[in-house]
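Spelled out from the first residue to the last, the chains are:
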Amino acid sequence: MTQDEIALKLDEAARKCKPIAQLAATENITLEEAYNIQRLSINKRIERGEKTTGFKLGFTSRAKMEQMGVHDLIWGILTDKMHIAPEEEVSLNQWIHPRAEPEIAFRLNQDITEAIGLSEIHNYIDKMAPAIEIIDSRYENFKFSLEDVVADNCSSTGYVIGNWIDVDTNISELNISLHIDGKTVETGKTSAILDNPLQSVVELTRLAQKAEVPLKKGDIVLAGAATAAIYLKENQHIEVQVEKMGNVAFRVK
Ligand code: OOG
């Protein structure tokens, strides 16, 4: 299959809520090709009127790498269609086998075209917030290789962002937890995210510079899950709590 055919297949899998077989079983794609496919599938969303809103980092924590058996940092693209408002109730029918994970979001305060280091990165961030990411692999059984998941835009499908607050550089040891219907299902520390979630933004600037992708003022950056992800079921209230940052939640029906 050509890269465009694969992009179309992944795009259709998402739209029809029908998982496809892993590409790795039949296709031999390199990581670079996988990022091209990701870009082609995002272009299909843009052609339908979606607007890009930022980026997500994936596999920034050991818990996630171990859960999924993939051991390399990845990045994907977010669009406005993926945005869910806090406390919004959304239907599970729009997804294949969605999972939620606790995250931290950052918002860029300027365009960035170069790689920025950890000691400087806070100067490029306007606000931060507790966040929930909903991931939904377009592959059967949520099983994939590194190239598969990159081509599939890193399983991106939804995100919820809590109240934006001023950036504090002292955020590497905060408690972060995921709660379903008031019950704690995952707990962790923000240090699980590359020792410091700000490092995710550092990595994004490096990757974006290398790929010649401009980062824009106002772009959102999801730093990656701090814990393993949890499958969603009907009629649940999903909440993430982050020490110092507060809570964010949404509902599924
Ligand atoms: C890939 C996305 C990983 C994270 O935060 O590590 C990710 C997946 O697990 O399907 O979003």
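The chain is annotated in an unreviewed UniProt entry as 2-oxo-3-hexenedioate decarboxylase from Mesonia hippocampi.

### A look at the overall build of the chain
Tallying secondary structure elements over the chain gives five helices and 14 strands in all. If you line up the chain on its principal axes, its C-alpha atoms span 50 × 45 × 35 Å. Counting over 253 residues, the chain shows a buried share of 43%.

### Topic: the site of the ligand
Around the ligand, 14 residues are found, and the nearest of them are G58, K64, S155, G224 and A225. Elements with a minimum of two residues in the shell around the ligand: α3 (62–68) and β6 (125–135). By residue class, the composition of the shell around the ligand is six nonpolar, five polar and three charged.

### Describing the nonpolar core
A105, A131, I132, A151, Y159, V221 and L222 are the most contacted members of the largest nonpolar core, which has 66 residues in total. Broken down by element, this core gets its largest block of residues, six residues, from β6. Beyond its immediate sequence surroundings of up to four residues, V221 is in contact with G54, F55, A105, F106, L108, S200, V201 and L204.

### Examining the UniProt feature "domain: Fumarylacetoacetase-like C-terminal" (unreviewed entry) in the chain
Residues annotated by UniProt as "domain: Fumarylacetoacetase-like C-terminal" (unreviewed entry) correspond here to residues 80–252. Segment residues 80–252 splits into 12% helix and 38% strand. End C-alpha atoms: 19 Å apart.

### Description of helix α2 (residues 31–47)
Between its first and last C-alpha atoms α2 spans 24 Å; for 17 residues at 1.5 Å apiece the expected length is 24 Å, and the two agree. Of all the residues in α2, the buried ones are A34, Y35, I37, Q38, S41, I42 and R45. Buried residues of α2, viewed axially, fall in a sector of 155°; they line one side. α2 presents E32, I46 and E47 as exposed residues on the side facing more than 90 degrees away from its buried surface. Contact partners of the buried residues in α2: α1 (3–16), β2 (74–79), α4 (146–151) and α5 (198–211). Note on α2: the residue one or two positions beyond its end, G49, has a positive phi of about 105°.

### Here we look at the pairing of strand β10 (residues 183–189)
Sheet topology places strand β9 (residues 175–180) next to β10; six bridges connect them, and they run antiparallel. Following the sheet pairing, N175 is matched in β10 by K189. Between the antiparallel neighbours β9 and β10 lie two residues, among them D181 with a positive phi of about 50°.

### Concerning the pairing of strand β13 (residues 236–242)
Extensive coverage of β13 is indicated by the burial of five of its seven residues. With five bridges joining them, β9 and β13 adopt antiparallel strand pairing. Bridged to H179 within β13 is E239. Taken together, the seven bridges between β13 and strand β14 (residues 246–252) define a ladder with antiparallel strand orientation. Within β14, the residue paired with E239 across the bridge is A249. Linking β13 back to β14 in an antiparallel pair, the connection comprises three residues, with K244 at a positive phi of about 75°.

### Considerations on the confidence of the model for the chain
Across the chain, the average pLDDT comes to 96, with 100% of residues at 70 or higher. For this predicted complex, the interface confidence reaches an ipTM of 0.96, while the overall pTM sits at 0.96.

### Considerations on the environment of K216
Looking at the secondary structure, you find K216 in the loop between α5 and β11 (220–222). Sequence-wise, K216 and I230 are 14 residues apart; in three dimensions their C-alpha atoms are separated by 31 Å. The contact partners of K216, leaving out residues within four places of it in the chain, are L108 and D111.

### Some remarks on the environment of K16
Mapped onto the fold, K16 is located in helix α1. Each C-alpha atom, one on K16 and one on Q94, is 8.4 Å from the other, the two residues being 78 residues apart in sequence.

### Observations concerning unusual backbone geometry
In this structure, N141 is a non-glycine residue whose phi angle is positive, near 60°. Following the sequence through the fold, N141 ends up in the loop between β6 and α4. On the basis of neighbour counts, which here come to 10 C-beta atoms within 10 Å, the residue N141 falls in the exposed class. The backbone of E212 shows a phi angle near 55°, a positive value even though the residue is not glycine. Assessed through the 7 C-beta atoms surrounding it within 10 Å, E212 is described here as exposed.

Definitions and limits used
- Residues numbered from 1 in each chain as written.
- Predicted model: local features only at pLDDT ≥ 70, side-chain atom pairs only at ≥ 80, totals over all residues.
- Helix = DSSP H or I, 4+ residues; strand = E, 2+ residues; numbered from the N terminus.
- Buried ≥ 20, exposed ≤ 12 C-beta atoms within 10 Å, placed from the backbone.
- Near = placed C-beta within 6 Å.
- Nonpolar A, V, L, I, M, F, W, Y, C, P; charged D, E, K, R; others polar.
- Core = buried A, V, L, I, M, F, W, Y, C linked by C-beta atoms within 7 Å.
- Contact = placed C-beta atoms within 7 Å.
- UniProt positions renumbered as here; feature names shortened; annotations may be inferred.
- Expected span 1.5 Å × (residues − 1).
- Arc of directions from axis to C-beta.
- Pairing = 2+ DSSP bridges.
- pLDDT = per-residue confidence, 0-100.

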